[in-house]
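Structural characterization, general
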Number of protein chains: 2
Amino acid sequence: MLSKNRISEIRKLSQKKFREESGLFIVEGTKSVMDLLRSELIVNELYATEGWMEKSGYAQLHCKIPCEIITEKELERISCLTTPQEVLAIAVIPDYDIQQINYQENILVLDGIRDPGNLGTIIRTADWFGIRQVVCSPDCVELTNPKTIQATMGSFSRIRVFYTDLPTFLSSEKIQGRIYGTFMNGKSIQDIVFQQTDLIIIGNEANGISPAVEKCINEKIHIPSQNRKGEKAESLNASIAAAISMYELCGKKG
Amino acid sequence: MLSKNRISEIRKLSQKKFREESGLFIVEGTKSVMDLLRSELIVNELYATEGWMEKSGYAQLHCKIPCEIITEKELERISCLTTPQEVLAIAVIPDYDIQQINYQENILVLDGIRDPGNLGTIIRTADWFGIRQVVCSPDCVELTNPKTIQATMGSFSRIRVFYTDLPTFLSSEKIQGRIYGTFMNGKSIQDIVFQQTDLIIIGNEANGISPAVEKCINEKIHIPSQNRKGEKAESLNASIAAAISMYELCGKKG
């Protein structure tokens, strides 16, 4: 049985402040937790309902993390979700050092993505297209926000997400490819022949790429809209712009 | 000043039941409201703060709908948003008849899209790529859900969204193109040469395209993922799959 104190400590992890203090974050739902257990991330605690233990395939994982059986009522009290999903893990926030970046492989760069759903969806899409490195500006929402983790559908466990000052990172001599940024104008993304070492930057939902980051860009690109009479959408959602960029960057080799 | 009774009536429009009863829905924020006022949709009421009236450009619209000035406190009480956005309109739910479909133009078909954010993002992306007709199965979330309207960023005012039984619609002799459905397998979307009269179907977030709709499909297609060692994302978010499909269907003519 979970103590009142333990419940309160777990609940606090839905807040950024307490995640930073403890270095821990919450992962919920079968898909996400199973992907987490298969990954290299460190899992501290695992809580599940009896029903989950029987049907989840957890036993087959031969996982070293013991699973504490809790009631659905208890799960409701520690879950960040409106509809709790039978299993909840507490994991250690990974600390990826920007020195570990592999400049030979695809890199996606995010400048000021604030919506946790957008960040999670972008990470999930990156995973689909084989992009394993995402570099975020410090003002991007955190990877470990429960809504971000939820939207990644398990991909948080496979993608390295780095937080660093972008102008410094983009000035590194180690970057071998070209640096592209998505704007409302610029060369059509369809006219670019991308190399594996190229970088694409996606900007903030409302304000796009910041001026300091814009200075580091080799070429501005845009996703062409269909011209037609009258009004049309002013812009694309950031996760959609990122998806089409990744599709052009590396989705076409598959 | 808004009466208690009026506030209560407006608040109720955040619920599907009351939208259906009244035939009305809520639109919030400058971008969405301005797009609404420029559209052919019928607006019944308009509420805004004094600050909005001064800076919004509303006066230049020569709009026949009178705007009632309300305080920020009052706006908070009628808004569906956590952070109310200065202006709120009440509009009549459009009733698009499936008979009005133009089979010569692009049509996107949605089978069981349940997440309001996904539906809104899909409509915004359709608008960007010049697709003006979206046909939804009856179990798709409603266009007029406040979260859907919000995610369209004004595109709800330009795109016709039809709700109808999909197997009946897809059996229509009026359809001149081929019917494609997105699956986890099938022909790569990159190998298809799309015609303007072709239809693409996007399935439910968790279960994909339903068996009854699958029977109507001429060809299964998929968005190729990047093969690499180890685990990868199992699927794409529905709004991402829809965006890449629309990009291939008609984003490349721009």
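Concerning the domain arrangement of chain A
Residue and element names in this part refer to chain A. Parsing chain A into structural domains produces domain 1 (4-92) and domain 2 (98-250). Listed per partner, the contact involves 16 residues of domain 1 and 11 residues of domain 2. When domain 1 packs against domain 2, the two sides together hide about 1,100 Å² of surface, and 59% of this comes from carbon and sulfur. A per-residue breakdown of the area domain 1 buries against domain 2 is headed by Arg-19, Phe-25 and Asp-35, which together make up 36% of the total. At the surface where domain 1 touches domain 2, the tally comes to 2 salt bridges. Asp-35 is the partner of Arg-158 in a salt bridge, and the nearest nitrogen-oxygen pair spans 3.0 Å. Counting the contacts that link domain 1 with domain 2 gives 4 residue pairs in polar contact (both at pLDDT 80 or more). Partitioned by chemical class, the residues of the side of domain 1 that touches domain 2 number 7 nonpolar, 4 polar and 5 charged.

Remarks on the side chain of Ser-56 of chain B
Locating Ser-56 of chain B in the fold gives a position in the loop between helix H4 (50-55) and strand S3 (67-69). Polar side-chain contacts of Ser-56 of chain B include one of 3.0 Å to the backbone nitrogen of Tyr-58 of chain B.

Structural notes on the side chain of Asn-237 of chain B
Along the chain, the position of Asn-237 of chain B falls in the loop between strand S10 (219-222) and helix H10 (238-251). Discounting chain neighbours no more than four positions away, the residues touching Asn-237 of chain B are Thr-121 and Arg-124 of chain A together with Asn-118 of chain B.

Conventions adopted
Residues numbered from 1 in each chain as written. Chains lettered and ligands numbered in written order. Predicted model: local features only at pLDDT ≥ 70, side-chain atom pairs only at ≥ 80, totals over all residues. Heavy atoms only, no water. Domains from an automatic or database assignment. Contact = heavy atoms within 4.5 Å. Buried area = accessible area lost by both parts, 1.4 Å probe. Salt bridge = Lys/Arg side-chain N within 4 Å of Asp/Glu carboxyl O. Polar contact = N/O pair within 3.5 Å; in protein donor to acceptor, adjacent residues only side chain to side chain. Nonpolar A, V, L, I, M, F, W, Y, C, P; charged D, E, K, R; others polar. Helix = DSSP H or I, 4+ residues; strand = E, 2+ residues; numbered from the N terminus.

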